[in-house]
Number of protein chains: 2
Amino acid sequence: MTTYNLALIGFGGVNRALAELIRDEPERFASLGFELRVVAITDLAFGSLVQSEGIDLAAVLAMPRGSSFEKLPGGSVVPRNEELIKNCPADIVVEATFTNPLTGEPAISHAKWALESGKHVVTTNKGPVALCGQELRSLAAANGVCFEYEGAVMSGTPVMRMAHRMLGGLELTSVQGILNGTSNYVLGRMETGLGLDQAIAEAQGLGYAEADPTADIGGSDVRLKVAILANELLGANIRPGDVDTTGIQDITIDDVTRARAEGLRWKLVGEARRADDGQVLASVRPMKLSPEHPLAGISGATNALSFTTDLLGPVTVSGPGAGRVETAYALISDIIAVDEFIKAGVSA
Amino acid sequence: MTTYNLALIGFGGVNRALAELIRDEPERFASLGFELRVVAITDLAFGSLVQSEGIDLAAVLAMPRGSSFEKLPGGSVVPRNEELIKNCPADIVVEATFTNPLTGEPAISHAKWALESGKHVVTTNKGPVALCGQELRSLAAANGVCFEYEGAVMSGTPVMRMAHRMLGGLELTSVQGILNGTSNYVLGRMETGLGLDQAIAEAQGLGYAEADPTADIGGSDVRLKVAILANELLGANIRPGDVDTTGIQDITIDDVTRARAEGLRWKLVGEARRADDGQVLASVRPMKLSPEHPLAGISGATNALSFTTDLLGPVTVSGPGAGRVETAYALISDIIAVDEFIKAGVSA
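Keep in mind the model is a prediction, meaning the values are calculated, not measured.

Our focus in this paragraph is the relation of the copies chain B and chain A. Put simply, the second copy of the chain is the first one after a rotation about an axis and a shift along it. Overlaying chain B on chain A yields an RMSD of 0.0 Å, the required transformation being a rotation through 180 degrees with an accompanying axial translation of 0.0 Å. Classification of the inter-copy transformation places it as that of a two-fold axis. The residues that chain B uses at the interface reappear at the interface of chain A in 100% of cases, marking a shared surface.

Right, let's get into the pairing of strand β13 (residues 313–319) of chain A. The buried fraction of β13(A) amounts to five of the seven residues, a majority that puts the element mostly inside the structure. Inspection of the sheet shows strand β12 (residues 303–309) of chain A paired to β13(A) by seven bridges, in the antiparallel sense. From the neighbouring strand, A:T309 faces β13(A), where its bridge partner is A:G313. Taking the residues that link successive antiparallel strands as the turn, the β12(A)-β13(A) hairpin has three residues. Relative to strand β13 (residues 313–319) of chain B, β13(A) is paired through three bridges, and the arrangement is antiparallel. Across the sheet, the residue bridging to A:V317 is B:V317, located in β13(B).

This part is about the sheet that holds strand β3 (residues 47–50) of chain B. Working definition: the strands of a sheet are paired by backbone hydrogen bonds and lie parallel or antiparallel to each other. Residue and element names in this part refer to chain B. Taking strand neighbours across the sheet as the criterion, the seven strands line up as β4-β3-β2-β1-β5-β6-β7 in an open arrangement whose pairing is mixed. The outermost strands of the open sheet, each flanked by one partner alone, are β4 (75–76) and β7 (147–148). Sheet topology places strand β1 (residues 2–9) next to strand β5 (residues 92–95); four bridges connect them, and they run parallel. Considered in β5, the bridge of L8 is made with V94. Along the sheet, helix α1 (residues 13–24) contacts β1, β2 (34–43) and β5; its crossing angle with β1, the most-contacted strand, is approximately 155 degrees.

This paragraph deals with the packing of helix α6 (residues 126–142) of chain B against helix α11 (residues 220–234) of chain B. All names here are of chain B. Where α6 contacts α11, the two axes come as close as 7 Å, and the packing angle between them is 20 degrees. With respect to α11, the axis of α6 lies roughly parallel. Here α6 and α11 pass one another in a crossing that is left-handed. Contacts between α6 and α11 pair K126, V129, A130, G133, Q134 and R137 from the former with D221, L224, K225, A227, I228, N231 and E232 from the latter.

Further remarks concern the sheet that holds strand β7 (residues 147–148) of chain A. Residues and elements named next belong to chain A. The strand order β4-β3-β2-β1-β5-β6-β7 describes an open sheet built from seven strands, whose pairing is mixed. Lying at the two open borders of the sheet, with one neighbouring strand each, are β4 (75–76) and β7. Alignment of strand β3 (residues 47–50) against β4, held across two bridges, turns out to be antiparallel. Bridging across to β4, L49 finds its partner in G75. Packed on one face of the sheet, helix α1 (residues 13–24) meets β1 (2–9), β2 (34–43) and β5 (92–95) and runs near 155 degrees to β1.

Core analysis: the biggest nonpolar cluster contains 226 residues, and A:L6, A:F307, B:L6 and B:F307 have the highest contact counts within it. Apart from residues no more than four positions distant in its own chain, B:F307 is found in contact with B:V159, B:M162, B:A163, B:L167, B:L172, B:S174, B:V175, B:L233, B:G313, B:P314, B:V315 and B:V317.

Moving on, we come to the packing of aromatic side chains. All names here are of chain A. Under the definition given, this model contains twelve aromatic pairs over all chains. Between the aromatic rings of F29 and F34, the centroid separation amounts to 6.4 Å while the plane-to-plane angle is 35 degrees, which identifies the pairing as tilted. Neither residue differs from the other here; F29 and F34 are each classed as buried. Put simply, the rings of Y4, F29 and F34 touch in pairs and so form one group of aromatic residues.

All names here are of chain A. Counted by the stated rule, this structure contains 40 salt bridges over all chains. Across the pair D255 and R258 runs a salt bridge whose closest N-O atoms are separated by 3.4 Å. One end of the pair is D255 and the other is R258, both in helix α12 (residues 253–261) and three residues apart, which spans about a single turn. A single salt-bridge network, built from bridges that share partners, covers E148, E150, R161 and D334.

Quick look at the packing of helix α5 (residues 107–116) of chain B against α6(B) now. Residue and element names in this part refer to chain B. One way to put it is that α5 packs onto α6 with a least axis distance of 10 Å and a crossing angle of 5 degrees. It follows from the interaxial angle that α5 and α6 lie roughly parallel. Side by side, α5 and α6 meet where A107, I108, A111, K112, L115 and E116 of the first sit next to P128, L131, C132, E135, L136, L139 and A140 of the second. Per-class residue counts for the contact of α5 with α6 are ten nonpolar, no polar and three charged.

Residues and elements named next belong to chain B. C132 marks the point of greatest bend in α6, at about 95 degrees. Of the residues making up α6, those classed as buried are G127, P128, V129, A130, L131, C132, G133, L136, L139 and A140. In this structure, the buried residues of α6 make contact with α5, β7 and α11. Positive phi appears at G144, one or two residues downstream of α6, with a value of about 65 degrees.

Here is what the cut-offs are and how they apply
Each chain carries its own residue numbering, running from 1 in the written order of its sequence. Think of it this way: whatever chain is written first is A, whatever ligand is written first is 1, and the rest follow in order. This being a predicted model, a pLDDT of at least 70 is required before a residue's local features are given, and a value of 80 or more before pairs of side-chain atoms are given or counted; all residues contribute to the totals for chains, interfaces and linings. As a rule here, side-chain values cover all heavy atoms of the structure and leave hydrogens and water aside. Least-squares superposition of the copies uses the C-alpha atoms of those residues scoring a pLDDT of at least 70 in each of them. The contact definition used throughout considers only heavy atoms, calling two residues in contact when any of these lie within 4.5 Å. Residue burial is assigned from relative accessible area. The probe radius is 1.4 Å, only protein chains are included, and a residue is buried under 20% of its type maximum, exposed over 50%, and partly exposed in between. Helix and strand assignments follow DSSP, with helices taken as H or I runs no shorter than four residues and strands as E runs no shorter than two, numbered in order from the N terminus. Here, strands pair whenever DSSP counts at least two bridges between them. Convention adopted: a line fitted to C-alpha atoms gives each axis, helices being fitted over their contacting stretch, and angles between N-to-C directions are expressed from 0 to 180 degrees. In this scheme, roughly parallel covers angles under 35 degrees and roughly antiparallel covers those over 145, while 65 to 115 is roughly perpendicular and the rest are oblique. Crossings are sorted by hand: turned counterclockwise from the far helix by less than a right angle, the near helix makes the crossing left-handed, and turned clockwise it makes it right-handed. To define a nonpolar core, start from buried Ala, Val, Leu, Ile, Met, Phe, Trp, Tyr and Cys residues and group those joined through side-chain atoms within 4.5 Å. Here a pair means two rings of Phe, Tyr or Trp (six-membered ring of Trp) with centres within 6.5 Å. Their orientation is stacked below 30 degrees between planes, edge-to-face above 60, and tilted elsewhere. The term salt bridge refers to a pairing of a side-chain nitrogen on Lys or Arg with a carboxyl oxygen on Asp or Glu at a separation within 4 Å. Polar here means any residue outside two lists: the nonpolar Ala, Val, Leu, Ile, Met, Phe, Trp, Tyr, Cys and Pro, and the charged Asp, Glu, Lys and Arg; Gly therefore counts as polar. The angle separating two fitted axes, one through the seven residues that finish at a residue and one through the seven that start at it, defines the bend at that residue.

See the structure below:
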């Protein structure tokens, strides 16, 4: 059985969930034909750790927040990201750091260091894909490795790979999505009579919304995803700032209840579509959807993406858009893609 | 560029739509890396036609119903299915005959003749998959060819291939679907106050429902699809008759409006799920769904299939469930799979 050595960059919720699956369920990976071994971890809080023979995941997962890798063999209190990514014996770099969505850092640098040193990259960060997806794809190709990012849109729900692999021979004319669970939850609660602020507070209580919900409510989270969809699926070359963005902050209870009375539902819709002149138009805006619209029935914190194609019309995928285990699965699906790439290469 | 020779078995709506795409849009296939050439057609009405150099599709598509292949070189008035399938120079047999859903014939015989003579089979017929999918898969494997059937469930919407290829490393615990557009359309219209018979008449007027709507309304169409899902996705070995089936014929306007008042929607749901003891339970029955259910928002003639997995929870795909072009696309997606199989084999 093939063994892949992983470097976990960032040891927060998502990479911890992945480490827990590797620790607890080797049979899940064995059924896929490979074994995963973590040989390096680096994290702002814990520092860095490199152990070529494989890190004892049970031990590091049990370490309380506030402790450090310093006392372990191969450990240091300072996170040595560049040195570790370039020199550790990993085949696959798993990038899941807390990254600034405006600059894409530190994830972009992490991805570049890894690709340039011939390592495959799998990431759940939107920033690198939204801001320099094309450059990173080229860098991966030039180095004969993969750059995979299923988790950047809708966590583990396989929308990017579905579009790339399941719609062969179709012309994709547009994508429309409900790509932020918090704002969709909030709009749904407003339909039951809650005010915007009350609904946001409730979403925060349930753990859907961040302490600062601006990116969710104002549309900037969806904007990044729309830039990814426009560039990666429709071949555009736009920046997140090119996406015409309006959030739900000005939607009132009156708007929502009046729409409901007409049988319509307000949804925050991210959209990228090819216009008749070939240009790709990208937007995020609240829309009143009729019940026949494929996104109208998407309730709660669920996300959905609708692909409009020439022969099939709309095909829509709905599923989780967040969650630590759900996002860790995105990494697993990316690792499966790396495995397929490697095995196809070996057999060629 | 690779050329694949096709034999079209049945020359009704679906295979005619495929022939039109091959005639009109060679660039669609060229972008996939192959060219399609039809070398044989057989049909109850037209008879049989074999031309190794490629049939002039424009000419045969222009032939009026009631005419025959008899006068063309390589043509005969009698459909010689067995001889043609076994001996014609096709790489891929495209099975889209009108087939009895209870016996699966003549599609099952067609598929066996083709596989036994080393030809790949792509089909839109449910019968062969529901009644002897395992046997046909084994026969294909023994002969080193493919048996592909994306169109058997939800026409060209890529649900079977999604389940096989996009959910790697997940445990699939159940599938639930709205798999019959007519009955879903009828239930939706009943929500607006129409009676069952009126709604059926309207669906017939729109071309959704057959002259005899029994299979749609009584659930036997969905039953075949549930047998396919249970066997192909959950590894069961059941017959359509093992699927506990209730249609919507006894749902009244009162049931529907009372549910609507409670915020619930009646849907005809096909389901296959693995019970705690490992057994696969399969059923078709009307269910009252709450708005949070992933199938509750599926409106009109749209179909949907929801996969419940251990790490992601429900992931749902909705899209067309019928239509001649939509079903022809299922055949194209199957041919893409055959092409991938052949090219992987060649490069191995």
